[in-house]
Amino acid sequence: MTDPSANQGLSPLAAGAIVAATLGASAVLGTRHRPDPASDPETFRWYRGLDKPGFTPPDPVFGMVWPVLETGLAWGGYRLFRQPSGPARNQAVALWLGNVAMIGGWSELFFGGRRLGLAAASAGGMLVSGAAFTAAAARADGKAAATGVPFVAWLAFATLLATEVWRRNRR
């Protein structure tokens, strides 16, 4: 006889813990080399010296956008982890985990490694992966999928921006 709870989603506590730990690890990685004059003046000077396009948002915009996107992703991830296990839910969770990991990884490539071309390519990969996450989440939980829409929109803009910064600063 099968256990009726075998196909249920995670408990609220387990889902919340996984989401918090995953986003927390990504944030730690992503903020190691942020262009902040107080915590990393060298990266701050390097970033200020880059030739950036006119459509680059002011620095505070980045600080406002990412917490909103990550809050949405946290809520969407939590909802997905609470769904019963199955192919659609499992694919969406895997893509969610990958996208959250890539957020911190992108910052490490761009700011930490100063690898502008690789960071631009990575942004494009995140765009594709973010769209795949949103599509997979739509099959598992429509409300979780809705959190992917602003994320993908921002990734489209970020890919364009990262590519243009790379193009202008190739040496």
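**Describing the overall build of the protein**
1) Next: In terms of helices and strands, the protein carries seven helices and zero strands.
2) Next: Its helices and strands in sequence order give the protein the pattern α-α-α-α-α-α-α, from N to C terminus.
3) Next: Seen through its C-alpha atoms, the protein measures out along the principal axes to roughly 65 × 30 × 25 Å.
4) Next: Relative to its 171 residues, the protein shows a buried fraction of 37%.
5) Next: Within the protein, residue pairs in contact and separated by at least 24 positions form 75% of the contacts whose partners lie at least 6 positions apart.
6) Next: Put simply, the protein shows about 8,800 Å² of open surface, and 65% of that area lies on carbon and sulfur atoms.

**Quick notes on the packing of aromatic side chains**
1) Next: Evaluated as defined, the whole model comprises 11 aromatic pairs.
2) Next: Note on Trp66 and Phe151: the rings are 6.4 Å apart at their centroids and 75° apart in plane angle, and the pair reads as edge-to-face. Of this pair, Trp66 sits in helix 3 (residues 59-82) while Phe151 sits in helix 7 (residues 148-168), and the two are 85 residues apart along the sequence.
3) Next: With a centroid separation of 4.8 Å and an interplanar angle of 80°, the aromatic rings of Phe110 and Phe111 are classed as edge-to-face. Here the two residues Phe110 and Phe111 agree in accessibility, since each one is buried.
4) Next: Grouping aromatic residues by their ring pairs yields a cluster made of Trp46, Tyr47, Trp106, Phe110 and Phe111.
5) Next: Its end group placed over the ring of Tyr47, Lys52 keeps NZ or CZ at 4.3 Å from the ring centre.

**Examining the environment of Phe110**
1) Next: Assignment of secondary structure puts Phe110 in helix 4 (residues 87-112).
2) Next: A sequence separation of 22 residues divides Phe110 from Ala132, and the C-alpha atoms of the two residues are 23 Å apart.
3) Next: In this structure Phe110 touches Trp46, Tyr47, Leu50, Arg115, Leu116, Ala119 and Val165, once residues within four positions along its chain are discounted.

**Notes on the packing of helix 5 (residues 116-140) against helix 7**
1) Next: At their nearest, the axes of helix 5 and helix 7 sit 8 Å apart, and the two run at 165° to each other. Considering the angle they form, helix 5 stands roughly antiparallel to helix 7. Handedness of the crossing formed by helix 5 with helix 7: left-handed. Within the contact between the two elements, helix 5 uses Leu116, Gly117, Ala120, Ala123, Gly124, Met126, Leu127, Gly130, Ala131, Phe133 and Thr134 and helix 7 uses Gly148, Val149, Phe151, Val152, Leu155, Ala156, Ala158, Thr159, Ala162, Thr163, Val165 and Trp166.

Conventions we followed
- Residue numbering note: each chain is counted from 1, following its sequence as written.
- Two thresholds apply to this predicted model, a pLDDT of at least 70 for residue-level local features and 80 or more for giving and counting side-chain atom pairs, whereas whole-chain, interface and lining totals are computed over all residues.
- Here the side-chain values reflect all heavy atoms present in the structure, with hydrogen atoms and water set aside.
- Under the scheme used here, helices are H or I runs from DSSP no shorter than 4 residues and strands are E runs no shorter than 2 residues, and both carry numbers assigned from the N terminus.
- Under the scheme applied here, a residue whose accessible area is under 20% of the maximum for its type counts as buried, over 50% as exposed, and between as partly exposed, the area being computed with a 1.4 Å probe on protein chains only.
- Pairs of residues are marked as contacts when any of their non-hydrogen atoms sit within 4.5 Å.
- Only the protein chains shown count as covering a residue, and every accessible area follows the Shrake-Rupley method with a 1.4 Å probe.
- Under the pairing criterion, centres of Phe, Tyr and Trp rings, with the six-membered ring standing for Trp, must be within 6.5 Å; the plane angle then separates stacked pairs below 30 degrees from edge-to-face pairs above 60, leaving the rest tilted.
- Comment: the charge-over-ring label is applied if NZ (Lys) or CZ (Arg) is within 6 Å of the ring centre and within 35 degrees of the ring normal.
- Here an axis means a line fitted to C-alpha atoms, over the contact stretch when the element is a helix, while the angle between two N-to-C directions is reported on a 0 to 180 degree scale.
- Roughly parallel here means an angle under 35 degrees, roughly antiparallel means over 145, roughly perpendicular means 65 to 115, and every remaining angle is called oblique.
- Helix crossings get a hand from a simple test, with the near helix turned counterclockwise from the far one by less than a right angle marking a left-handed crossing and a clockwise turn marking a right-handed one.

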